Amino acid sequence: MYFNTVVPFLLIGSSIAYKLPHSGTLGRPPKHRPNFIIIMTDDQDLHLNSLDYQPAVQKYFAKEGTFYQKHYVTMAQCCPSRVSFMTGMAGHNTNVTDVLPPYGGYPKFVAEGFNDNYLPVWLQQAGYNTYYTGKFLNSHDVTNWNKPFPNGWTGSDFLLDPGTYRYYNATLQRNKEPPKTFPGEYNTDLISNRAVGFLEDAAAADAPFFIGVMPIGPHTETLVPENPGPNDLPIFLPPIPAERHKDLYHGVKIPRTDNFNPEKPSGGSYVKQLPRQNDTVVEYNDEFYRLRLASLAAVDDLITAVFDKLEELDLLDDTYVIYTSDNGFHMGQHRQDPGKSCAYEEDVNVPMFIRGPDVPKGKNITLPTTHTDIVPTLFKLAGIPQLKQFDGTPMPISVQDQAKAKTEHVNIELWGANIGEGEMRIPVPTLLNTYKALRIVAEEYEFTYIVWCTNEHELYDMKKDPGQMNNLWDAVGPAPNGTITSNSTIELEGSSETACGFSLSKLQPRLDALLMVLKSCKGSVCVKPWETLHPLGNVKSLKDAMDPDLDEFYASQPKISFSECAMGYFPWVEGPQRAIPFIPRGMT
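Residues numbered from 1 in each chain as written. Predicted model: local features only at pLDDT ≥ 70, side-chain atom pairs only at ≥ 80, totals over all residues. Heavy atoms only, no water.

As named in an unreviewed UniProt entry, the protein chain is Arylsulfatase, taken from Pseudopithomyces chartarum. Regarding the protein chain, the relevant UniProt record gives this comment under Sequence similarities (unreviewed entry): "Belongs to the sulfatase family." (UniProt positions renumbered as here; feature names shortened; annotations may be inferred.)

In structure tokens form, the structure reads like this:
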């Protein structure tokens, strides 16, 4: 049975508005604060090597900035990921968990109170001018663009559905003007021109600025049916490159990694039941991949235009520029159709570069960071006090920050369906794509741990198995009719087996307890979850938690489990919600 009850928008996860003090009371005067530009692509991969085909990214970011090699999205889906980025909050706290109502999209963002409580509003309170062009949120469309207007923007030019993902027929809505469609003009070029225009506007004003630049490349060309019924899905076609780029990269194919269309199935839940793709499907997806790379060439042109204008306006020395994506993408890995929304590395580990004042050049950072860390990072760089609602923490920017950073965990989650893309996709989306997951990244060890709503588990030693092909968990699969399995019979395969030097039978309960804290964490608990398990502060990492004296404590912890595969965030179907803190004998 699948849980699909519709509840009022404000029932779960309603936000509390945090207002910053007036700009004059925030320490650093506004005119001495740095400027910010963030360029966020849509569905860009890191693990399929798309960055190798972007010389502008290499020139302006890889050589002149820092690459965050282990940067993750906490939700691998467009709208939920963007809301987490703009609020600094995990999905279980925003309760914006889908691209469409009732569980997601722009209407849910408004209903949860975030239109008065997100990045541009806070920055304006701190004395910034704020601008935005490109994709905002899914389901922000030609019927609700002014119901209400998105708050907090000094200037805006939003792509609107159903024309957001039309490469040559986009619909844009500027400031308070009615929407306008641009047939025959290339979508990414429209966003590039507006980004440069807003940069000129920002430079002319006597205030620091933030500019969000959100092109759709390399997202699919998406056609929405007119008057769609409840079961009508959009049509997802390969992206269309700009005419000047249409012939790029012929013969280039999806990287043939060990997890690409494997002979033996892999993964958990519905993934391990996927059929192997035949030659026709693989050939189609290779061309799909080529078109994705070619569509990014216009994004490279956008990057060049932005940096040319920054240099012309003499603003480079005062401006931090970020390049990232809202989520990753898979194409054939674990036999999957093109798409996203899984907890596998291709979907959650995304491009992330920062360049600007005092940012080390040409440096790679392997400490884990997430999209919930971006706004806290901007606040720190601007000298703005952190908000209690932030589930992230400032990313290490300077060499000194990098030396002190200790975070090793990333919380990953999703609710609802997974829809393949392209004309060769499996036509029926799965409804079993709800899960809680954990990514651990440290110098000595790396793990991925996933618990599906079917109560199947996956555990991977990422040092030995970066393609996530060898599930170390002896998973109990769903019954043939797709019902939820019992969690009580799940056991690890061979208690004497080890991963990264840790006994698997000892490792699993530690990961489960950590995920138990993170799956419902708020604020600083999300940053320092071990302190919830160990209030005395003597355990700060997984390595510390592996102390044999703690075996009994971790064995007694409640286990992550689901009673339903919910389409939205309903804690009461997600098993126990609280971990048990460690209290030494003799203490109360």
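Further notes follow.
So, about the overall build of the protein chain. Within the protein chain, the regular secondary structure consists of 15 helices and 22 strands. Here the protein chain holds 588 residues, and the buried ones make up 60% of them. On the protein chain, roughly 22,300 Å² of surface is accessible, and the fraction owed to carbon and sulfur atoms is 53%. (Helix = DSSP H or I, 4+ residues; strand = E, 2+ residues; numbered from the N terminus. Buried < 20%, exposed > 50% of the residue type's maximum accessible area, 1.4 Å probe, protein only. Areas by Shrake-Rupley, 256 points an atom, 1.4 Å probe, with all protein chains shown as cover.)

Turning to the pairing of strand β6 (residues 169–174), a few remarks are in order. Both strand β5 (residues 155–159) and β6 contribute to a ladder of three bridges, which runs antiparallel. Residue pairing for β6: L159 is matched across the bridge by L172. In this structure, β6 lies alongside strand β7 (residues 180–183), joined through four bridges in antiparallel fashion. By the bridge assignment for β7, T171 is matched with T181. (Pairing = 2+ DSSP bridges.)

The final tally for this structure, using the stated rule, is 40 aromatic pairs. With a centroid separation of 5.5 Å and an interplanar angle of 40°, the aromatic rings of F61 and Y323 are classed as tilted. With F61 in helix α1 (residues 55–62) and Y323 in strand β11 (residues 319–325), this pair connects stretches of sequence that are 262 residues apart. Taking the relative accessible area as the measure of exposure, F61 reaches 0% and is therefore buried. Since its relative accessible area comes to 0%, Y323 is described here as buried. Summarising the aromatic geometry, the rings of W122 and F379 are spaced 6.0 Å apart at their centres and angled 85° between planes, so their arrangement reads as edge-to-face. Of the two residues, W122 is situated in helix α5 (residues 119–125) and F379 in helix α9 (residues 374–382); the sequence distance between them amounts to 257 residues. Taken as a pair, W122 and F379 share a single burial class, namely buried. (Phe/Tyr/Trp six-rings, centres within 6.5 Å; stacked < 30°, edge-to-face > 60°.)

All right, on to the UniProt feature "modified residue: 3-oxoalanine (Cys)" (unreviewed entry) in the protein chain then. The residues that UniProt annotates with the feature "modified residue: 3-oxoalanine (Cys)" (unreviewed entry) are C78. With respect to the helices, strands and loops of the structure, C78 is situated in helix α2 (residues 78–87). Assessed through its relative accessible area of 2%, C78 is described here as buried. In this structure C78 touches D42, D43, K135, N138, Y165, H219, D326, N327 and K340, once residues within four positions along its chain are discounted. (Contact = heavy atoms within 4.5 Å.)

This part is about the confidence of the model for the protein chain. Summary statistics for the protein chain give a mean pLDDT of 90 and a share of 89% for residues scoring 70 or more. Contacts of residues 475–495 to residues separated by more than four positions or lying in other chains number 47 contacts, the stretch itself having pLDDT below 50. (pLDDT = per-residue confidence, 0-100.)

The next subject is the pairing of strand β15 (residues 409–414). In terms of burial, β15 is a largely internal element, six of the six residues being buried. As judged from the six bridges shared by β15 and strand β16 (residues 435–441), these two strands associate in the antiparallel manner. Within β16, the position partnered with L414 by the bridge is Y435.

Let us look at the nonpolar core. One finds F447, L459, L507 and L542 to be the most contacted residues of the largest nonpolar core, which totals 62 residues. Contributing elements (two or more residues each) for this core: β15, β16, β17 (446–452), β18 (457–461), α11 (504–518), α13 (530–533), α14 (542–545) and α15 (551–555). Here the element with the most residues in this core is α11; it accounts for nine residues. In this structure, F109, A126, L137 and I354 belong to the second largest nonpolar core, which totals 47 residues. (Core = buried A, V, L, I, M, F, W, Y, C linked by side-chain atoms within 4.5 Å.)

Along the polypeptide, D301 turns up in helix α7 (residues 279–312). With a relative accessible area of 33%, D301 lands in the partly exposed category. Each C-alpha atom, one on D301 and one on T188, is 9.1 Å from the other, the two residues being 113 residues apart in sequence. In this structure, D301 is in contact with R244 and H245, ignoring residues within four places of it in sequence. A polar atom in the side chain of D301 sits 3.4 Å from the side chain of H245. (Polar contact = N/O pair within 3.5 Å; in protein donor to acceptor, adjacent residues only side chain to side chain.)

Inspection of the secondary structure assignment puts L472 in the loop between β18 and β19 (473–474). Since its relative accessible area comes to 11%, L472 is described here as buried. Sequence-wise, L472 and H457 are 15 residues apart; in three dimensions their C-alpha atoms are separated by 9.2 Å.

Bringing the sheet that holds β5 into the picture now. Spatially, the 10 strands line up as an open sheet ordered β7-β6-β5-β4-β8-β1-β11-β12-β2-β13, and their pairing is mixed. Since the sheet does not close on itself, it has two edges, and those belong to β7 and β13 (363–365), each with one partner. Along the sheet, successive strands turn relative to each other by an average axial angle of 15°, direction set aside. Direction of pairing for β11 relative to strand β12 (residues 352–355): antiparallel, over a ladder of four bridges. Note on β12: the bridge partner recorded for V321 is R355. Along the sheet, α2 contacts β1 (35–41), β4 (129–135) and β8 (209–214); its crossing angle with β1, the most-contacted strand, is approximately 165°. (Axes fitted to C-alpha atoms, helices over the stretch in contact; angles between N-to-C directions.)

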